[in-house]
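# Results of the structural survey
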Number of protein chains: 2
Amino acid sequence: MRTRQQAAEAAEPAGAAARPGLRERKKQRTRDALLHAALELFTTQGYEQTTVDEIAAAVDVSQRTFFRYFANKEETTFAVQDMVESHFVAAVRERPAHEAPLDALRRALLDSWDTLGEVIEEVIPVELHMRTYQLIESTPTLLAAHLRRSSELEEEVARVIAEREGLDVDTDPRPRVVVAAFSGVMRLTGRLWGAGEDTSIESMRRVTESYLDQIGPALAEDWNRRCRGPERDGSGVHAL
Amino acid sequence: MRTRQQAAEAAEPAGAAARPGLRERKKQRTRDALLHAALELFTTQGYEQTTVDEIAAAVDVSQRTFFRYFANKEETTFAVQDMVESHFVAAVRERPAHEAPLDALRRALLDSWDTLGEVIEEVIPVELHMRTYQLIESTPTLLAAHLRRSSELEEEVARVIAEREGLDVDTDPRPRVVVAAFSGVMRLTGRLWGAGEDTSIESMRRVTESYLDQIGPALAEDWNRRCRGPERDGSGVHAL
DNA sequence: CGAGATTATGACAGTCACTGACAGTTGACA
DNA sequence: TGTCAACTGTCAGTGACTGTCATAATCTCG
């Protein structure tokens, strides 16, 4: 029930790009319907409280069919997250090589958020995705899954960073270390944002920026004294 | 089948400290037996491949009884991990107030590992615990659970750090940020150690130290320039 | 257009983690 | 020794998955 298959159906005769057959379109429609129904049910009545049977029933397919589209309940929750993540990785890849790694990560993140809305809207309403994110943060099972996925993303990003800098991830620890530190802070902001009231992307951006700014000062020797020294403050951000 | 209840039973008449009744001892014995059997089965045939029925059968109790001792399969896997973590938190609490936060965390970690063996050995053989840790790292479900638990630990540690520094976690982002960065790197080392060959605590210590040493350089502006400062070399543990 | 090859789907059976309810045992304690 | 409370086993039930097989819907090609 979203833009994708509508556009696809409409553009079928015209566009030279893609014109999937009826079968494909039907499948896509079923998948979208399942996804939409699942997220809607999860966010309204809770993840654990929603059974797969319910989701299947809402779309009027058998339970077995649900499992043909999604390996498990969890997977539906992260379908959109997947897109968001590749969007971010792509943004990292596009950063000019001269930027310092931490800086590149930061900018890539903020950049990718500029166009986040459109990416999400391709599949589901942004607002539903935001609710889903909060659901993830507040549901132990989902949070666990999310963290594991994040650690995989970390590895991928570390490789991208290593490539940028012409290093070997297995030889030089720095790519993984920056990414680990960066990700640690990102997860932190994700948690805080999820716990807060304001569910806008704008709010998330503000929280993130201010926390990233704290990496330098936080790692500094002495918190009481004003931080000195250049390398101490990775990327020279002292704010707050 | 370990030291705890043996000691308890033996010391029963003498020690003024504790002399649990028969009932208590029996319970403890059952729990230990279940824990031991579970870990042994998990590490030999795999977590997913081991059913709760098998574990219960190995100890000759009903499945229902297993679930009276452990809320779920997962929980058995983290029983020892729990102790290790509180041991670490305790170590952080004991660090002198004048140490810089990141430094205190690092020292607490290494300190706590000095006595890690004894702590673990109270419940199960260290070697079994090491195998368990590798199992966690290599089993998606368990890894996810582990990461979630770690994030809870993070929050706890952040509060300890905040207290040390006389700050409010909800006002000053720095406690959470250091801990986030630190934890990010720790998780990284955990992963690398788990993937490696050497399963000794010593090896883990080496990997950890060298990676922690890289936080500063990794966050620095420019990786191409030689980073100054001692923390550069990281004791040459670059392999895999 | 129609027959046969593909492929999605439904119906059914089965496993496994987990939970609630109830009854039978067993250690605790007067 | 007998009563009470805590443990435990048995049984039944739910919900997430998985394998299998028959059916029905597309697709392909003559």
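Residues numbered from 1 in each chain as written. Chains lettered and ligands numbered in written order. Predicted model: local features only at pLDDT ≥ 70, side-chain atom pairs only at ≥ 80, totals over all residues. Heavy atoms only, no water.

As recorded in an unreviewed UniProt entry, chain A goes by TetR family transcriptional regulator and comes from Streptomyces himalayensis subsp. himalayensis.

## Description of the overall build of chain A
Along its length, chain A carries 12 helices and zero strands. When the helices and strands of chain A are read in sequence order from the N terminus, they spell out α-α-α-α-α-α-α-α-α-α-α-α. Of all 240 residues assigned to chain A, the portion counted as buried reaches 53%. Here the contacts in chain A between residues at least 6 apart in sequence split such that 63% fall between residues at least 24 apart. For chain A, the accessible area works out to roughly 11100 Å², and carbon and sulfur atoms hold 51% of it. (Helix = DSSP H or I, 4+ residues; strand = E, 2+ residues; numbered from the N terminus. Buried < 20%, exposed > 50% of the residue type's maximum accessible area, 1.4 Å probe, protein only. Contact = heavy atoms within 4.5 Å. Areas by Shrake-Rupley, 256 points an atom, 1.4 Å probe, with all protein chains shown as cover.)

## Thoughts on the protein's contact with DNA strand C
Inspection of the region around DNA strand C gives 23 residues, with A:Ser62, A:Thr65, A:Arg68, A:Tyr69 and B:Lys73 positioned closest. For DNA strand C, the backbone portion of the atoms within 4 Å of the protein, that is sugar and phosphate, comes to 57%. At a separation of 3.2 Å, a base oxygen of DNA strand C approaches a polar side-chain atom of A:Arg23. Measuring from a phosphate oxygen of DNA strand C, one finds a side-chain N or O atom of A:Thr65 at 2.3 Å. Only helix 2 (22-45) and helix 4 (63-69) of chain A together with helix 2 (22-45) and helix 4 (63-69) of chain B provide two or more residues apiece to the surface near DNA strand C. (Near = heavy atom within 4 Å. Polar contact = N/O pair within 3.5 Å; in protein donor to acceptor, adjacent residues only side chain to side chain.)

## Focus on the relation of the copies chain B and chain A
Overlaying chain B on chain A yields an RMSD of 0.1 Å, the required transformation being a rotation through 180° with an accompanying axial translation of 0.0 Å. Overall, the copies show the geometry of a two-fold rotation axis. Taken together, the interface assignments show that 87% of the residues at the interface of chain B recur at the interface of chain A, consistent with an identical surface on both copies. (Least-squares fit on C-alpha atoms with pLDDT ≥ 70 in both.)

## Details of the interface of chain B and chain A
Tallying the contact residues gives 46 residues for chain B and 46 residues for chain A. Buried surface at the junction of chain B and chain A, both sides included, amounts to about 4100 Å², of which 67% is carbon and sulfur. On the chain B side of the interface with chain A, the three residues burying the most area are B:Arg174, B:Leu219 and B:Trp223, jointly 20% of the side's total. Taken together, the connections running from chain B to chain A amount to two salt bridges. Between A:Arg191 and B:Glu155 there is a salt bridge; the shortest N-O distance is 2.7 Å. Along the contact surface separating chain B from chain A lie six residue pairs in polar contact (both at pLDDT 80 or more). Of all the secondary structure elements, the ones that give two or more residues to the side of chain B that touches chain A are helix 6 (101-114), helix 9 (140-164), helix 10 (174-195) and helix 12 (215-219) of chain B. A total of 13 residues in the side of chain B that touches chain A trace back to one element, the largest contributor, which is helix 10 of chain B. Residue classes in the side of chain B that touches chain A are distributed as 28 nonpolar, six polar and 12 charged. (Buried area = accessible area lost by both parts, 1.4 Å probe. Salt bridge = Lys/Arg side-chain N within 4 Å of Asp/Glu carboxyl O. Nonpolar A, V, L, I, M, F, W, Y, C, P; charged D, E, K, R; others polar.)

## A short note on the packing of aromatic side chains
All names here are of chain A. Going through the model one piece at a time under the given rule, you end up with eight aromatic pairs over all chains. An angle of 65° between the planes, with centres 4.8 Å apart, marks the rings of phenylalanine 42 and tyrosine 47 as edge-to-face. Judged by relative accessible area, which is 0%, phenylalanine 42 ranks as buried. Ring geometry for phenylalanine 66 and phenylalanine 70: centres 5.6 Å apart, planes at 35°, overall tilted. Neither phenylalanine 66 nor phenylalanine 70 differs from the other in exposure class; each is buried. An aromatic cluster is defined as three or more aromatic residues linked by ring pairs; in this entry it consists of Phe66, Phe67 and Phe70. Across from the ring centre of tyrosine 47, 4.5 Å away, lies the NZ or CZ of lysine 73, which sits over that ring. (Phe/Tyr/Trp six-rings, centres within 6.5 Å; stacked < 30°, edge-to-face > 60°. Lys NZ or Arg CZ within 6 Å of the ring centre and 35° of its normal.)

## A short note on the protein's contact with DNA strand D
Looking at DNA strand D, there are 22 residues lining it, with A:Lys26, A:Arg64, B:Lys27, B:Thr65 and B:Arg68 nearest. Of everything in DNA strand D that lies within 4 Å of the protein, sugar and phosphate atoms constitute 57%. Note that a phosphate oxygen of DNA strand D is positioned 2.8 Å from one of the backbone N or O atoms of A:Arg23. One nitrogen or oxygen atom from the side chain of A:Arg64 is found 2.7 Å from a base oxygen belonging to DNA strand D. The residue makeup of the surface near DNA strand D, split by class, is six nonpolar, seven polar and nine charged.

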